[in-house]
Amino acid sequence: MIASSLLKEVEIADPSRVLKQHPHQLSGGMKQRVVIAMALACCTRLLIADEPTTSLDVTIQAQILELVKKLKTEIQTSILYITHDLAVAAEICDRVGVMYLGSICELAEVAEVYQNSLHPYTKALMAAVPKPGKELSAISGFVPDPLDLPSGCRFHPRCDAAKKICQERQPALIEINPNHFVACHLYNGDKLGKSS
């Protein structure tokens, strides 16, 4: 049976028993594995995983992340992993797209984003990651109402480097360094590179 083999593929023990159970009889981790198996049933080339470890305990989160990495290699599928967890993105992603209020502000290889962030929002996110012995840094201001978004760059009301143009025009996503794209007026027309 195809369903049983897919459940086995996502490491569910005794898949024939699980096939007969109702969702309320499964743990959070098992439900997540079933959802992944359902997505794989379509023989997809792109698996979209939207916060697949939310509300799971740390041990189950680690198991789901290992499963996602294994499936990526074994099935040779691309995975669009949507998360608020920067540590998870660093662990499992090849490239990272940082979004603010629905707009991509930075896109690059994982190491490049973490070691050489260029967009003010990405820099603020990296500074907000808790580090032992360092005071926690917060992003100033408040997230705007999604029904009343600011004009121009959506991050400008909270950005320490905002200029007048930031209030007026949405910046284009441009390539600053090879395969490193940023949507910020600080870089438009002037490829500043890594030294800036």
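Bear in mind the structure is a predicted one, so any value in this text is a computation, not a measurement. Each residue is numbered by its place in its chain's sequence as written, counting from 1. Local features are withheld for residues below a pLDDT of 70 in this predicted model, meaning they are given only at 70 or higher, and side-chain atom pairs are given and counted only at 80 or more; totals for whole chains, interfaces and linings count all residues. With hydrogens and water stripped out, all remaining heavy atoms of the structure feed into the side-chain values.

Draft legend 1. Region of interest: the confidence of the model for the protein chain. The predictor reports its confidence for every residue as pLDDT, a score running from 0 up to 100. Counting all residues, the mean pLDDT for the protein chain is 87, and 95% of those residues have values of 70 or more. Looking over the protein chain, one finds the lowest element-wise mean pLDDT in helix α1 (residues 2-9), namely 84, and the highest in strand β6 (residues 180-182), namely 97. Put simply, DSSP marks the helices as runs of H or I at least four residues long and the strands as runs of E at least two long, and each gets a number from the N terminus on.

Draft legend 2. Structural context of the environment of V10. For V10, the position within the fold is in the loop between α1 and α2 (15-19). Measuring from C-alpha to C-alpha, the distance between V10 and R33 comes to 5.9 Å, with 23 residues separating the pair along the chain. Any two residues whose heavy atoms approach within 4.5 Å at even a single point are treated as in contact. If we skip the residues at most four places from it in the chain, V10 touches R33, I36, A37, L40, L67 and L71.

Draft legend 3. Examining the packing of aromatic side chains more closely. Two rings from Phe, Tyr or Trp (for Trp, the six-membered ring) form a pair when their centres sit within 6.5 Å of each other. Planes less than 30 degrees apart are called stacked, planes more than 60 degrees apart edge-to-face, and all others tilted. Going through the model one piece at a time under the given rule, you end up with three aromatic pairs. For the ring pair Y100 and F155, a centre distance of 5.1 Å and an interplane angle of 80° mean the geometry is edge-to-face. Residue Y100 is located in strand β3 (residues 95-100), and its partner F155 is located in the loop between α7 (120-128) and α8 (164-168); the two are separated by 55 residues in the primary sequence. Accessibility assignment for this pair places Y100 and F155 in one class, buried. An aromatic cluster of at least three residues, connected via ring pairs, comprises Y100, Y121 and F155. To sort residues, take the accessible area from a 1.4 Å probe on protein chains only and compare it with the maximum for the residue type: under 20% means buried, over 50% means exposed, and anything in between is partly exposed.

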